[in-house]
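Topology and contacts: notes
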Amino acid sequence: VAPAHYTLHLTFKEDTTLAGARLSPPDVEIADLAAAVSLPGGSVCGMFAEARNRLGCRLALLHELAPLRANLTINISQEGGASLVSASPSYDSGTARWHCEVSVDADYPRDHCRPEVIAVRCGAFTSPGAKRERAILDALARRQHPTVAALLDDVASRFSG
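Structure report, in brief. (Residues numbered from 1 in each chain as written. Predicted model: local features only at pLDDT ≥ 70, side-chain atom pairs only at ≥ 80, totals over all residues. Heavy atoms only, no water.)

One broad trend across soluble globular proteins is that nonpolar side chains are buried collectively. Counting 27 residues, the largest nonpolar core has Leu-61, Leu-65, Val-85 and Leu-152 as the members making the most contacts within it. Elements supplying a minimum of two residues to this core: α2 (44-65), β3 (72-79), β4 (82-89), β5 (98-105), β6 (116-122), α3 (131-143) and α4 (148-160). In terms of residue count, α4 provides more of this core than any other element does, six residues in total. If sequence neighbours within four positions are ignored, Leu-65 has contacts with Ile-74, Ile-76, Val-85, Val-148, Ala-149 and Leu-152. Among the nonpolar cores identified, the runner-up in size contains 11 residues, and Ile-30, Ala-34, Ala-51 and Leu-55 belong to it. (Core = buried A, V, L, I, M, F, W, Y, C linked by side-chain atoms within 4.5 Å. Buried < 20%, exposed > 50% of the residue type's maximum accessible area, 1.4 Å probe, protein only. Helix = DSSP H or I, 4+ residues; strand = E, 2+ residues; numbered from the N terminus. Contact = heavy atoms within 4.5 Å.)

A separate point is the packing of α2 against α4. The N-to-C vectors of α2 and α4 enclose an angle of 45°; their axes lie 9 Å apart at closest approach. In terms of orientation, α2 and α4 fall into the oblique class. Here Leu-61, Glu-64 and Leu-65 of α2 come into contact with α4, specifically with Val-148, Ala-149 and Leu-152. Here the contact of α2 with α4 is built from residues that sort into five nonpolar, no polar and one charged. (Axes fitted to C-alpha atoms, helices over the stretch in contact; angles between N-to-C directions. Parallel < 35°, antiparallel > 145°, perpendicular 65-115°, else oblique. Nonpolar A, V, L, I, M, F, W, Y, C, P; charged D, E, K, R; others polar.)

A word on α4. Here α4 spans 18 Å end to end across 13 residues, near enough to the 18 Å set by a 1.5 Å rise per residue. Those residues of α4 that sit buried are Val-148, Ala-149, Leu-151, Leu-152, Asp-154, Val-155 and Phe-159. Next to the buried residues of α4 lie α2, β3, β4, β5, β6 and α3. (Expected span 1.5 Å × (residues − 1).)

Okay, here's the thing in structure tokens:
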């Protein structure tokens, strides 16, 4: 469950240039945004907009994936400006073991943003030549799922059958 309020802490140098930024609680990483402000074309307004996008993406994912948490173990982390969703069946679900990683752009859940599967694994080890994993990745890429939840439902159905 996401907190009701977030606080953005900005640190300035004596010459009033931005020295750093952090979000409290630290649900998304924004230190790289503070560094980008000092680059040519960087702005504090742009940093605020990107921080808002990243936080909005995380909150949308938490809300969207909440119903799936009954059967899946889900972890949301951040890699640069993208969110990384890792999912696998809960240990007590009694379903086949699999693991899936999905990359989501910070603009998600806008219509132009589609989640992208970056890795899928069946069981504890990959299949010989990773044939099954590649076939599943190809099939998922062709489907162009509009949401992460729809994509994870599709992955789960492929491994349960």
